[in-house]
Amino acid sequence: MLAEELVLKQRTKILHALCSSGSAEHLERVLDILLAKGALIWEDYQNIQVPGRTLYTNARQLLDLVYTKGVDTCGLFLAALKLALPEAQAVGLSFSESCSNLQENDECQSTSNQTLLAQRPSLVHKLQGCVDGVLAALLDSGHFSSADCDEVRLPIYTPTQQARRLLDHVRSRGDLAASVLLQYIHQKQEPGLPLNQRELTPPKGLLLSKYQKKLSSSVSAQACFLSTYAGTSHMSLDDIYTDGQLELAEVNAHGPLGLEDIVGLVGIVNEEADTVLVSGEAGSGKSTLLQRLHLLWARGVALQDFLLLFPFSCRRLNSEHNELSVQELLFQHCCWPDRNQEEIFQFILDHPHQILFTFDGLDELKQSFTDEHRVCCPTQRAPVHVLLFNLIQGSLMKGVQKVVTSRSEAVSPLLKKHLRKEVVLKGFSPTGIDSFVRKHHRDPTVAAKVLESMQANTALLGLCHSPVLCWIVSQCHKELLGCGEGSPKTITDVYLMILQHFLQHQSPLKSTMGLGWLQEHLKTVLLLGQLAFEGITSTCYIFSGTDLEACGVTEKDICMVFLIKSKDMSSTHSKCYEFSHVTLQCFFAALFIVLSSNTNRSVIPKLFELENRETGLTRVCFTACLPSSDQQQQASEKESKAAETPNLQITAMFVSGLLSQRHQNLWLHCCPSAAVEKKARQVARCLSKGIQKHFRSIPQPVQGEKKSMHAMPDFVWLIKCLYEMQESRIAKDAMSKLEVDHLKLTYCNIGPVECTALAYVLQHLRNPVGLQLDNNSVGDVGVEQLLPCMHICNSLYLRNNNITDEGIRKLIAKVIQCDSFQKIALFNNKLTDACMQDFSYLLKTKQVFISLRLGNNNITAEGAKQLAEGLKANQTLAYLGLWGNRIGDAGTEALASSLERSNSLVWLSLVGNGVGSAGACALANLIRKSTSLQELWLTENCITRTGVECLIQALKHNTHVTSVWLRNNDLSLEDAEEMKQLESRLIF
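Here is a short report on the structure shown in this document. Owing to the predicted nature of the structure, the values given are computational and were not obtained by experimental measurement. (Residues numbered from 1 in each chain as written. Predicted model: local features only at pLDDT ≥ 70, side-chain atom pairs only at ≥ 80, totals over all residues. Heavy atoms only, no water.)

1. Some details on the overall build of the protein chain
Argument step 1. Along its length, the protein chain carries 47 helices and 20 strands.
Argument step 2. Sorting the 988 residues of the protein chain into buried and exposed places 58% on the buried side.
Argument step 3. When the accessible area of the protein chain is evaluated, it comes to approximately 41,000 Å², of which 51% is carbon and sulfur surface. (Helix = DSSP H or I, 4+ residues; strand = E, 2+ residues; numbered from the N terminus. Buried < 20%, exposed > 50% of the residue type's maximum accessible area, 1.4 Å probe, protein only. Areas by Shrake-Rupley, 256 points an atom, 1.4 Å probe, with all protein chains shown as cover.)

2. Concerning the environment of cysteine 551
Argument step 1. Position of cysteine 551 among the secondary structure elements: in the loop between helix H29 (545-550) and helix H30 (555-558).
Argument step 2. Residue classification places cysteine 551 among the buried positions, given a relative accessible area of 5%.
Argument step 3. Taking the C-alpha atoms as reference points, cysteine 551 and alanine 532, 19 residues apart in sequence, are found 9.9 Å from one another.
Argument step 4. Once residues within four sequence positions are removed from consideration, cysteine 551 is found in contact with Leu527, Gln530, Leu531 and Glu534. (Contact = heavy atoms within 4.5 Å.)

3. Description of the nonpolar core
Argument step 1. Judged by nonpolar contacts, the single largest core of 262 residues is most densely connected at Phe310, Met454, Leu499, Trp667, Met790 and Phe839.
Argument step 2. Ranked by size, the runner-up nonpolar core spans 37 residues in total, among them Ala17, Leu63, Cys74 and Phe77. (Core = buried A, V, L, I, M, F, W, Y, C linked by side-chain atoms within 4.5 Å.)

4. Observations concerning the sheet that holds strand E7 (residues 543-544)
Argument step 1. Ordered in space as E7-E9-E8, the three strands form an open sheet in which the pairing is antiparallel. At either end of the open sheet lies a strand with only one pairing partner, and these are E7 and strand E8 (563-565).
Argument step 2. As defined by bridge partners, E8 adjoins strand E9 (residues 576-579) across three bridges and the pair is classed as antiparallel. Pairing of leucine 563 across the sheet is with phenylalanine 579, part of E9.
Argument step 3. On the sheet, helix H28 (residues 522-537) packs against E7, E8 and E9 and is oriented at approximately 90 degrees with respect to E9. (Pairing = 2+ DSSP bridges. Axes fitted to C-alpha atoms, helices over the stretch in contact; angles between N-to-C directions.)

5. Topic: the environment of serine 21
Argument step 1. Here serine 21 is to be found in the loop between helix H2 (11-19) and helix H3 (25-36).
Argument step 2. Along the backbone, serine 21 and glutamine 89 are 68 residues apart, and their C-alpha atoms lie at a distance of 9.3 Å.
Argument step 3. Once you skip the residues sitting within four places of it in the chain, serine 21 turns out to touch His26 and Gln89.

6. Details of helix H31 (residues 582-595)
Given 3.6 residues per helical turn, the α-helix brings residues three or four places apart onto the same face.
Argument step 1. Over its 14 residues, H31 runs 20 Å from end to end, which matches the ideal 20 Å to within 8%, given 1.5 Å per residue.
Argument step 2. With 14 of 14 residues buried, H31 is to be regarded as a mostly interior element. (Expected span 1.5 Å × (residues − 1).)

7. Topic: the packing of aromatic side chains
Argument step 1. In the structure shown here, the tally under the stated rule is 27 aromatic pairs.
Argument step 2. Ring geometry for phenylalanine 357 against phenylalanine 359: centres 6.4 Å apart, planes inclined by 90 degrees, an arrangement best described as edge-to-face. In this structure, phenylalanine 357 and phenylalanine 359 share a single accessibility class: buried.
Argument step 3. For the pair phenylalanine 608 and tryptophan 717, a centre-to-centre distance of 5.9 Å together with 20 degrees between the ring planes defines the contact as stacked. Note that phenylalanine 608 is positioned in the loop between helix H32 (603-607) and helix H33 (618-625) and tryptophan 717 in helix H37 (residues 713-725), a separation of 109 residues in sequence. (Phe/Tyr/Trp six-rings, centres within 6.5 Å; stacked < 30°, edge-to-face > 60°.)

8. Observations regarding the pattern of salt bridges
Argument step 1. Applying the stated rule across the entire model yields 39 salt bridges.
Argument step 2. Between arginine 173 and aspartate 148 there is a salt bridge whose closest N-O contact spans 2.9 Å. Here arginine 173, found in the loop between helix H11 (159-172) and helix H12 (175-189), pairs with aspartate 148, found in helix H10 (residues 146-152); they are 25 residues apart in sequence, far enough to count as distant.
Argument step 3. Classification of arginine 173 as partly exposed rests on a relative accessible area of 34%.
Argument step 4. Using a relative accessible area of 11% as the deciding quantity, one classes aspartate 148 as buried.
Argument step 5. Beyond isolated ion pairs, a larger network of salt bridges with shared partners links Glu25, Glu28, Asp32, Arg120, Arg164, Arg165 and Asp168. (Salt bridge = Lys/Arg side-chain N within 4 Å of Asp/Glu carboxyl O.)

9. Topic: the pairing of strand E12 (residues 769-772)
Consecutive side chains of a regular strand alternate in pointing toward one face of the sheet and then the other.
Argument step 1. Along E12, one buried face is formed by Val769 and Leu771 and the opposite face, lined by Gly770 and Gln772, is buried too.
Argument step 2. Once you follow strand E11 (residues 742-744) into helix H39 (residues 752-762) and on to E12, the crossover reads as right-handed.
Argument step 3. Where E12 meets strand E13 (residues 793-797), four bridges bridge the pair, whose relative direction is parallel. Within E13, the position partnered with valine 769 by the bridge is cysteine 793.
Argument step 4. Chirality of the crossover, the property in question, places the unit of E12, helix H40 (residues 779-786) and E13 among those that are right-handed. (Right-handed = clockwise from strand over helix to strand, strands pointing away.)

10. Topic: the sheet that holds strand E2 (residues 275-279)
Argument step 1. The strand order E1-E6-E2-E5-E4-E3 describes an open sheet built from six strands, whose pairing is mixed. Both edges of this open sheet fall to strand E1 (246-248) and strand E3 (308-313), since each of them pairs with a single strand only. Averaged over neighbouring strand pairs, the angle between their axes works out to 20 degrees when direction is ignored.
Argument step 2. Of the pairings in the sheet, the one linking strand E4 (residues 355-360) to strand E5 (residues 401-406) comprises four bridges and is parallel in character. The residue of E5 that forms the bridge with phenylalanine 359 is valine 404.
Argument step 3. Where helix H19 (residues 384-393) meets the sheet, it contacts E2, E4 and E5, and its direction lies at approximately 125 degrees from that of E4.

11. A word on the environment of aspartate 741
Argument step 1. For aspartate 741, the location among the structural elements is in the loop between helix H38 (728-735) and E11.
Argument step 2. Classification of aspartate 741 by relative accessible area gives partly exposed; the value is 35%.
Argument step 3. In this structure, the C-alpha to C-alpha distance between aspartate 741 and methionine 709, residues 32 residues apart in sequence, is 8.2 Å.
Argument step 4. Discounting chain neighbours no more than four positions away, the residues touching aspartate 741 are Lys706, Lys707, Val769 and Gly770.

12. Section: the state of the cysteines
Argument step 1. In the structure shown here, the tally under the stated rule is zero disulfides.
Argument step 2. In this structure cysteine 335 is not part of a disulfide, and its nearest cysteine sulfur, from cysteine 334, lies 8.0 Å away. (Disulfide = S-S within 2.5 Å.)

13. A word on unusual backbone geometry
Argument step 1. Positive phi outside glycine occurs at glutamine 726, with the angle close to 55 degrees.
Argument step 2. In this structure, asparagine 968 is a non-glycine residue whose phi angle is positive, near 60 degrees.
Argument step 3. Counting through the fold element by element, asparagine 968 comes out in the loop between strand E19 (963-965) and helix H47 (973-982).
Argument step 4. By relative accessible area, asparagine 968 is classed as exposed at 52%.

14. Overview of a positive patch on the surface
Argument step 1. A grouping of Arg601, Lys678, Arg681 and Arg685 is seen on the molecular surface, where their side chains present a positively charged patch.
Argument step 2. As for its position among the elements, arginine 685 is in helix H36 (residues 673-696).
Argument step 3. On the basis of relative accessible area, arginine 685 is assigned to the exposed category, the value being 53%. (Patch = residues over 30% accessible without salt bridge, like charges linked within 9 Å, V, L, I, M, F, W, Y side chains within 5 Å. Lys, Arg positive; Asp, Glu negative; His and termini not counted. Charge placed at Lys NZ, Arg CZ, Asp CG, Glu CD.)

15. Some points on the pairing of strand E6 (residues 419-425)
Argument step 1. With seven of seven residues buried, E6 is to be regarded as a mostly interior element.
Argument step 2. Pairing geometry for E1 and E6, over three bridges, is antiparallel. Within E6, the position partnered with leucine 248 by the bridge is valine 423.
Argument step 3. Direction of pairing for E2 relative to E6: parallel, over a ladder of five bridges. Note that in E6 the partner of serine 279 across the bridge is valine 424.

What is shown is where atoms sit, not what they do.
In C-alpha cells:
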C-alpha cells in the first residue's frame, strides 16, 4: 500500500495517536523531524503551529498538508510518526512502507540558520537543561532582550517546548544569533576546546558523507535479519523483534528504560566514564538488542547524535591474531573507506562525541579484563584485547561512547569502576512473551494454541521469559502441542525438543518414530558435540574449516542447521562457523560428555568443581580430558584464559538434565547403560558435595540471633542442576542437612526459572525458614512457581521484584493454607488498591500473622479502607509498613480507627503518604487507646502544628510509645523546637 493511502486510511487513528494524551509533544516531535528532513518549509510549520488553535486542529492541518505534498512526504511523515510515538500509542498503526524513507541528509548546510532546521530534533534534545545558559549568551551578545528571554521561559512550557520556542526565536534573529546558539552547545559538549575550532555539522564535501553512507549500508545489511538462534531461516528483525525488560542496575533509580536510554543521560553514575554495560543472563537478548540499535541507527531513526557507529563482536575479535592500531581495528573489522582513510580517521579523532562503538559479548573474549597494559596513542599497534580494554577504560579514544554487552557474572569489580552506567536486560515480560509468540506465528490460531499451552504449564511459561527459550518453544510448536502430559518442564527438556525438531525435519520421510530418532543421527550429534566441547573448554566460539575437519564435521553435519555461517563485516577472513547460540554449544558439549566414550572419567567432577577456575587451572584439567591427539593443539594456546565459568555451569546444568532418569531411555541404543548410570551417579555425588560445601560455610549465629545463610550465585546454579535432574531423592537428601532459620538470596538474578528450581528443592526442608528474595526479577510467574514451597516458609521477602496484584492473589490464596507463614515484605513492587481485599482476607483468616510491609507501591485511601476491614479482625499483627504510598488523611483515619483495639501492634509506618493534620489527629486517638504501640513513623508528610499538638496531648496518656518520627513535615524550625521541648519522644 502506498504511503498516501496509508495516511488517508489511518487518518482517524493517527489523529488519536497524536492528540489523545492531551500533550502536543508527539505532534511537535513529528514536525521537528519533517523540518529537519526538508519535508516541510518554515512557512508550512508556521501555518500548522498557530497560537491559540486546538491541538486536533493543528494535527488535521498537518495531515492535510502532508497528503497534498505527495507520496514521498507521506512516507517521511509515517517514518517520523513511528519514531515520535511511544510503542503503546503506535499499536494498530501501519508503517510498513515508510521505515526506509527516513535517511540522513548527505548535504552539508551552508548557513547556521539552515543548521538549526536540519538538526532540529537533536538540538531540542541537547538544549534541555541548558536553555538558561543559551539565553544568557544571547543576552550578552545583544541578540535577545530580557523580554525575549522571559517569553521563552514561560512556566506553561515543558522543557522541550522551551527548547523549541528558543529555536524559533533564534531563527527569526538571523544567522549570527544561530551561530551563538550552536557555538554554546558545541562548547557545552566539549568544554576543553576553543570556540570555532570545529563545526557542529560534518566538514564540507561529500567525503565523510559517502563513508557514513557506506558504513550505514554495511551495518544495516548485517542487522536486518536476526543473527542469533535463527540460522534456520532469514527472519527479519523488524518482524520478530520484541522489547525486553531494561532496567538500571542501580535499584530504584528509574522505571523501565527504552533503547535510546542506554546511551542517554538517565542513570549515569560516573560522568567521567564513556562505557555503558548492558548485562544479562545467557539468552536474555543482549545481542539482538544491540542488533536492533544498529539497525535503527543505520535507518536514521535513533541514536542520531552519533554520526558514525562501529559494531564489533568479541567472539569474532578472538580470531584476530595480528597486532592492530585503532584505525586498523575500525576499518578492517567494520567498514573500509574507499579512499582518504587518514582524513576520515582524523575526523573520528576530532569528533569523539559523535562516534559510537559497540562490543557484543565481552564475556566471550578469550582474555579477562585488566587495566595493567596501557595504550594511549590511537596509531600504536597492540593485541586486539589490549586495544579493547583501553577503549573501555578511556585510555584510548576518550570521549567516544562505547556500549558493551556481557553476562553479569562475568563482569569484574575492576571493570565496573570504568563504567558510565550499567543497564540490566531481564528478558521478556509476560506481555513480551505474548507479543513474541504472535509475531513468530502469523496464524493467530496457532499462536493462541501455543500461548494456551504455555499458560497451562507455569514451569514452561517461566522458561519462556528467556527469549532464546521462548524462540525454541515457539519454533517447536507442533511438538509442544502434541506432547500432552509430557510438556517440557526443564531447560534440558526444551533443548531436547529443539534437537529432535531439527533432526527429524532433516529427513521427514524416513524419520524414525519413537525414541530412535537420536540413534539415527548419533554420529552427527557426537561430531558436533566434540566440536562444542573443545570450544567451550578453550573459550572458542567461532570455528574455521580446519577446526571442523579436525573433529570430522562434514557439510552434511553443517546442514543440520545447528551451525551457522559466522557473519563478519570485514572481508579478510575465510568462511567460518559458529553455533546458532552459545547455549546450544553448551548443550552439544553436554551431549558429548554423556554419550561419548572418548572422554576421561574425570570430566564430570572437573565440570562441577569450582575451586580451580579462578586460578586458571580448569583449562589444563579439561585439556587432559580430551583425546590425546587434541591435547598438543589445545596446550599450545597459552594466551587463552580459563574456560569460562558461566558456560561450564550451563554445560553442567545440561549434563545434569540429560542424565536424569526421565531421559535414560533415549540413550539405550546410543551408549552402554552402565556407562550412563555411572555418569549419573557421578553427577549426584558432585551436586551433593557442592551443596554440603555451601552448608559447611554457614557461620554460627551470634548469641540470641537466628542462623542465616546468604546464598551465593553458585548455590543457585547447584539448585538449578538438582532441578534439571528431577530426582526428588537427591534433592531431599541435600536439603535434609540444611539447618538455618533464614535463607537470603538477594541480588542473585532470581527469575521465574530459578523460582521453579528453588521451590522444587526447598520444599524438602525439614524446618520452616524465612526466604529473602529481595532485588531480583521474580515477577508474577516467579511467585506462582514458588507456591509449592510456601508451606516451609514462615516469612517471605520480595522487595523490588516487579510483582503485580495478579501475583499477590495467587500467593495469598496459597499462604492462608500454610500454618507457619507469618510475615511478608513487598516494598517497591507494582501493587494497587485491587489487591488490598486479598490482604484484608489474609488478616481475617490467619490466626497468627505478625508483619505486613507494603511500602512504595500504589495504594490510595481506597485501598487503605479495604485493608482496615482486615485489621479490625486481626489481633496478632505487630508490624505494619505502608510508607511511600498515597493513603492521605482519609486512608489514615480508616487505618487508625481499625487499629484502636489492637493489643499487638508495636510499629506503624506511614512515611511519605500525604498525611495531614486530620490524619495525625486520628492517629492521636490510636495512641491514646493503644496498649502496645511503640514506634510511629510519620516522616515526609504534610502535618502542621495542629496535628502535632493532637499527638502531644495523646502521648500524655500513653507511656508505651517510645518515638514518633516527624521529620520533613509542614512545621517551621521554631515550631519543631517548641514541640520537642513539650514532648521529648517527638523526633524532628
